[in-house]
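Here is what each chain is made of, one letter per residue.
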Amino acid sequence: MERKEGVSPELDALSCNLMGQVFDLLADGKEVPVLLAVQDPQGHMVSYQFSDDGIEACIEGAHTCVQNLKRSKGDKRAGIGVPQRYALIYEGAVADDRGAYQDAILLEFGEVGYHTYSAYSLYKGRGDAFQWTDPAPAGELDDLL
């Protein structure tokens, strides 16, 4: 299937909302779990939090969750149909020009019929000392939908 470039307004809103939630957690001095938001074509959304394991296992769990929702054509108990788009966010690190790693919020986002992308926002501190940069693109990812 030929995939479109760019991001739909719906996926942009879903991703920005999730990024805002994480910035709020950091500004409140709280830990950031792996967060996943999935939306169906009718706009019904469900959120998941992964925090009971290491970061890599939680990210893998979130990826598996998206794939399972696709395979099962949604989750009637959660009130969501076939997934149309998703956003996944977590803490990580990004290497700068000198090869030093800096704390970052990493975002993965994808939608049926579009390429899947990633972005990051560098940050420092928590609570009153929290500072962040505008999100920057980080490249394309394998499609989960």
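As shown above, the structure is provided for reference.
1. Side note on the overall build of the chain
- Scanning the chain for helices and strands turns up 2 helices and 7 strands.
- Reading the helices (α) and strands (β) of the chain from amino to carboxyl end gives α-β-β-α-β-β-β-β-β.
- Relative to a compact globule of 145 residues, whose C-alpha radius of gyration would be 15 Å, the chain shows 15 Å and is just as compact.
- Taken along the three principal axes of its C-alpha coordinates, the chain extends 40 × 30 × 25 Å.
- Going through the 145 residues of the chain one by one, you find that 43% of them count as buried.
- Restricting the contact set of the chain to residue pairs at least 6 apart, pairs at least 24 apart contribute 54%.
- Split by element, the accessible area of the chain, about 8200 Å² in all, is 49% carbon and sulfur.
- Here the chain holds 12 positive side-chain charges and 24 negative ones, and the gap between their average locations is 7 Å.

2. Quick word on the pairing of strand β5 (residues 116–124)
- In terms of strand pairing, strand β4 (residues 101–111) meets β5 through 6 bridges, oriented antiparallel. Looking at β5, one finds that Ile 105 is bridged to Ser 121.
- The loop that links β4 with its antiparallel partner β5 comprises 4 residues; one of these, Gly 113, has a positive phi angle of about 85 degrees.
- Here β5 runs beside strand β7 (residues 136–141); their pairing, made up of 5 bridges, is antiparallel. By the bridge assignment for β7, Tyr 120 is matched with Ala 136.
- Sheet topology places β5 next to strand β6 (residues 131–132); 2 bridges connect them, and they run antiparallel. In the sheet register, Lys 124 faces β6, and the bridge partner there is Gln 131.

Calculation criteria
- Residues numbered from 1 in each chain as written.
- Predicted model: local features only at pLDDT ≥ 70, side-chain atom pairs only at ≥ 80, totals over all residues.
- Heavy atoms only, no water.
- Helix = DSSP H or I, 4+ residues; strand = E, 2+ residues; numbered from the N terminus.
- Rg over C-alpha atoms; globule rule 2.2 N^0.38 Å.
- Buried < 20%, exposed > 50% of the residue type's maximum accessible area, 1.4 Å probe, protein only.
- Contact = heavy atoms within 4.5 Å.
- Areas by Shrake-Rupley, 256 points an atom, 1.4 Å probe, with all protein chains shown as cover.
- Lys, Arg positive; Asp, Glu negative; His and termini not counted.
- Charge placed at Lys NZ, Arg CZ, Asp CG, Glu CD.
- Pairing = 2+ DSSP bridges.

Spatial relationships are all this shows, so hold off on functional conclusions.
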